[in-house]
Amino acid sequence: MSGLDHIDGILQEALTAIEGARSPQELEAVDVKYLGRRGAITAVLKGIKDLPPESRKVVGAAANQARLRLEEALISARQKFEGVKQDSPFDYTLPGIKQRQGSLHPITRVIDRICQSFYGMGFSIARGPDIENDYYNFEALNFPPDHPARDMQDTFYLDGGLLLRTHTTPVQIRVLESNKPPVKVITPGKTYRNEAISTRSYCVFHQVDGFLVDEGITMGDLKGVLVAFCRDFYGEGLKLRFRPSFFPFTEPSAEVDISCLLCKGKGCQLCKYEGWLEILGCGMIDPNVMRNVGYDSEKYTGYAFGMGVERIALLKYRITDIRLLYENDIRFIRQFH
Ligand SMILES: [Zn+2]
């Protein structure tokens, strides 16, 4: 019976060691100590042949049973360590998160392209504040206080005589005030009008204005620069049409149409069957504006033009609802690469 007690003693000691093992390496050491070539259980099994024949069967069975118990205990302990590994916060088998590449907003793309075209013709770029006062937004641009054109532009007024600029033309005054001719500048930026939001109009939009002031500037120079811009921006073979119009800060004033991009002038839904698309306003800078910035209006003349960026983007990308440009729906914006 002492042989059986001995085996049981080894077994209990080994099971305690397995339970206390803190790592797979410690389990391996227990395995070697009890079941290895020189292990305690192995020694008992090897010694069976030296036992009296009547004990061999009983001791042999007990030793084998102890070996099986230990093997099972080692297997489940090893699984426990593998389980810990799987529960770790890092699962190296998961697919990675795809990094999405951003793209420029269609409005930014159109502004960049317009600026690039005028930059190539020697214009520099100037920017001004979005919050203006009445003088820069209206008065200096020849809108007298009771001028009906003020009603054409529904203005967001702020406290203290300030307002959100209704066009980027005030930048023209700021640039002319602080420079001497020749001045050749374009002014891209945001503008604001208190308009009902619809598929065709929004309360915020973008404009690019441009102007040139020097000695001897004529309407012919204006036409030349606009024809060059339209052919560069919209493509060769385009026809332009100048129609008389009215703006307080230019005299004479004109609106410019281009032949329809879709039907080339035959008439379609885009051009409302007229064959023409209105794209910008322009004119010769009014002598009153020249005087307001301290220029000699007898000596200097200049032209100015302005275009709405949203209208150009709608035409260029065939977008039918202006609101899409401001909703920032990533599924919409991602289309413009
Ligand atoms: Zn058309």
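Residues numbered from 1 in each chain as written. Predicted model: local features only at pLDDT ≥ 70, side-chain atom pairs only at ≥ 80, totals over all residues.

Draft legend 1. Region of the structure containing the overall build of the protein chain. Tallying secondary structure elements over the protein chain gives 12 helices and 9 strands in all. For the protein chain, the spread of C-alpha atoms along the principal axes amounts to about 135 × 50 × 35 Å. Counting every position in the protein chain, which comprises 337 residues, the buried fraction comes to 29%. Excluding contacts between residues fewer than 6 apart, the proportion of contacts in the protein chain whose partners are at least 24 apart in sequence is 65%. (Helix = DSSP H or I, 4+ residues; strand = E, 2+ residues; numbered from the N terminus. Buried ≥ 20, exposed ≤ 12 C-beta atoms within 10 Å, placed from the backbone. Contact = placed C-beta atoms within 7 Å.)

Draft legend 2. Local environment of the pairing of strand S9 (residues 300–308). Counting buried residues along S9, 8 of its 9 residues qualify, which places the element largely inside the surrounding structure. Bridging between strand S5 (residues 204–215) and S9 involves 9 bridges; their strand directions are antiparallel. Paired with leucine 212 across the two strands is tyrosine 303, which belongs to S9. In this sheet, S9 lies alongside strand S8 (residues 276–285) in antiparallel orientation, the contact comprising 4 bridges. What sits directly across from glycine 281, in S9, is glycine 306. (Pairing = 2+ DSSP bridges.)

Draft legend 3. Spotlight on the nonpolar core. Core analysis: the largest hydrophobic core is formed by 49 residues, its most contacted members being Val213, Leu226, Cys282, Ile285, Tyr303 and Phe305. When near neighbours in sequence (up to four residues on either side) are disregarded, isoleucine 285 contacts Phe211, Val213, Phe249, Thr250, Met290, Gly302, Tyr303 and Ala304. Ile7, Tyr34, Ala63 and Leu70 belong to the second largest nonpolar core, which has 14 residues in total. (Core = buried A, V, L, I, M, F, W, Y, C linked by C-beta atoms within 7 Å.)

Draft legend 4. Main features of the environment of isoleucine 197. With respect to the helices, strands and loops of the structure, isoleucine 197 is situated in the loop between strand S4 (183–192) and S5. Its 12 C-beta neighbours within 10 Å are what place isoleucine 197 among the exposed residues. When the C-alpha atoms of isoleucine 197 and arginine 323 are compared, they prove to be 7.9 Å apart, with 126 residues separating the residues in sequence.

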